[in-house]
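So the chains spell out like this:
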Amino acid sequence: MAPSHVLRCCQRVVGWIPVLFITAVACWSYYAFVLELCVFTIKSDAEKAVYMVIFHLFFIMFLWSYWKTIFTLSANPSNEFCLSKSDKELYEREERQEFQVEILKRAAKNLPIYTTTATRAIRYCDRCQLIKPDRCHHCSTCDVCVLKMDHHCPWVNNCVGFSNYKFFLLFLMYSLLYCLFIAATVLQYFIKFWTLCRSKSEDSCPQNELPDTRAKFHVLFLFFVAAMFFISILSLVSYHCWLVGKNRSTIEAFRAPFFRNGPEKDGFSLGFSKNLREVFGDEKKYWLLPVFTSLGDGCSFPTRLILGDPEQNVATVQTDSTKHVGPNQTFPARPLSESQNHLLGSDSQWNDSAPGEDHVDKGVESHVAVLIES
């Protein structure tokens, strides 16, 4: 069997194939539209100028957002979410699950987390050996925990999460506009070339002034490719616009996060306007530019389950953390006060109200305390 690092290297190489495919299609579309259509086919200089300006605007924004989505490193949890050396040794030595849960509970008491596992335990990553912040998940492809992970996208060979979700949305939007513009402008020449192709046996084509050149193939194929990509991207753009409006990730859309009172699919939704600003930022002039403007630090998120009415309350956790933070920086976790941390503030919120469980948890707690002292 090949060493694991060799397999990992091969996986990384293969992962770039979809990116190279998209890049090749984009380069060919540039050649087909600019040279074969605008330079060699269109005779009106005014039409050429208008098409070239709009095309290059969409093309540049498409490539810019695509580049940022690919090469923006995924944001990872800060060191505050890592177990201390003593807690890690204690956790690894302990074989009983109930005591491991109590160790994680003690370590996470001052961390700004509100979600748990389905069994009401602390979300812990054994692979990265850290407590997972809210909305953080481990990517098996990248082998790392990603803040506010949405999904791993093979077309960008990167995880889509807190640091590049805005770039991914802009990439989809500009891809859609790029394909729509190409399909709309090429349509009339597609019809002319198609008519020319059917009338090829005639001596002349009085209704079609276009010459039968190699541009015919590029224009015909360009329309089909643009229309095909437009239809496929349209559904994806619509879906992610719906996710942004609901303040959900793709993972949360399929599996609702668990809060103190159970699963809640809209637990992080603060209303449409606040949800939109959480991704795109407060300054609207930067919304359409692939520059990082998302609010927060990626480690803690306001939730309507804590704040009450989302349209009338301002997120308390968005104090210093709502400042714009660069996607490649370390994100410091700012612990919440016990009054704000409703999930971890008291033992009664962790324990069920069934009779007989209180003395069991106290016994576990005392046992862990003895282990720590020893």
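Within every chain, residues take consecutive numbers counted from 1 along the sequence as written. Owing to the predicted nature of the model, reporting of local features is limited to residues with pLDDT of at least 70; listing and counting of side-chain atom pairs is limited to 80 or more, with chain, interface and lining totals taken over all residues. Excluded from the side-chain calculations are hydrogens and water; all other atoms, namely the structure's heavy atoms, are used.

A. Structural view of the pattern of salt bridges. For this document, the term salt bridge refers to a Lys or Arg side-chain nitrogen within 4 Å of an Asp or Glu carboxyl oxygen. Within the structure shown, the criterion is met by nine salt bridges. Among the salt bridges present, the one from R135 reaches E252, with a minimum N-O distance of 2.9 Å. Here E252 lies in helix α8 (residues 250–254) and R135 lies in the loop between β2 (130–131) and β3 (137–139), a separation of 117 residues in the sequence. Per residue, the accessibility class of R135 equals that of E252, and both read buried. Note that E278 is salt-bridged to K148, the shortest N-O span being 4.0 Å. In this pair, E278 sits in helix α9 (residues 272–280) while K148 sits in the loop between β4 (144–146) and β5 (151–153), placing the two residues 130 residues apart along the sequence. Three or more residues are tied together by salt bridges with common partners; here these are R135, K148, E252 and E278. For the purposes of this entry, the term helix denotes a DSSP run of H or I that reaches at least four residues, the term strand denotes a run of E that reaches at least two, and both are numbered from the N terminus. When a residue's accessible area, from a 1.4 Å probe over protein chains only, is under 20% of the maximum for its type it is buried; when over 50% it is exposed; and in between it is partly exposed.

B. View of unusual backbone geometry. Phi is positive for R120, which is not a glycine, with a value near 65°. Inspection of the secondary structure puts R120 in the loop between α5 (97–107) and β1 (124–125). Of note in this structure, N157 is not a glycine but carries a positive phi near 55°. Tracing the chain through its elements places N157 in the loop between β5 and β6 (158–160).

C. Spatial organisation of the packing of helix α7 (residues 215–246) against α9. An axis is simply a line fitted to the C-alpha atoms; with a helix, the fit covers only the stretch in contact. Between two such axes, the angle follows the N-to-C directions and lies from 0 to 180 degrees. The geometry of α7 relative to α9 is characterised by a closest axis approach of 7 Å and an angle of 110° between their N-to-C directions. Here α7 lies roughly perpendicular to α9, going by the angle between them. Contact residues: V244, G245 and K246 in α7; F272, N275, L276 and V279 in α9. Under the scheme applied here, ten amino acids are nonpolar (Ala, Val, Leu, Ile, Met, Phe, Trp, Tyr, Cys and Pro), four are charged (Asp, Glu, Lys and Arg), and all others, including Gly, are polar. Tallied by class, residues from the contact of α7 with α9 come to four nonpolar, two polar and one charged. Each angle gets one of four labels, with under 35 degrees taken as roughly parallel, over 145 as roughly antiparallel, 65 to 115 as roughly perpendicular, and the rest as oblique. Between two residues, a contact is recorded if the distance between any of their heavy atoms is within 4.5 Å.

D. Geometry of the packing of helix α4 (residues 85–93) against α5. Running from N to C, α4 and α5 point in directions that differ by 165°, and their axes come no closer than 9 Å. By the criterion of interaxial angle, the relationship of α4 to α5 is roughly antiparallel. Classified by chirality, the crossing of α5 by α4 is left-handed. Of the residues in α5, those in contact with D87, L90 and Y91 of α4 are Q100, I103, L104 and A107. For the contact of α4 with α5, the per-class residue count stands at five nonpolar, one polar and one charged. Two helices that cross are described as forming a left-handed crossing if the nearer one is turned anticlockwise from the farther one by less than a right angle, and a right-handed crossing if clockwise.

E. Representation of the UniProt feature "transmembrane region" (unreviewed entry) in the chain. UniProt positions are given in the numbering used here, feature names are shortened, and annotations may be inferred rather than shown by experiment. As recorded in UniProt, the sites labelled "transmembrane region" (unreviewed entry) are residues 20–42, 49–67, 167–191 and 219–239. Split by type, residues 219–239 is 100% helix and 0% strand. Its first and last C-alpha atoms lie 31 Å apart.

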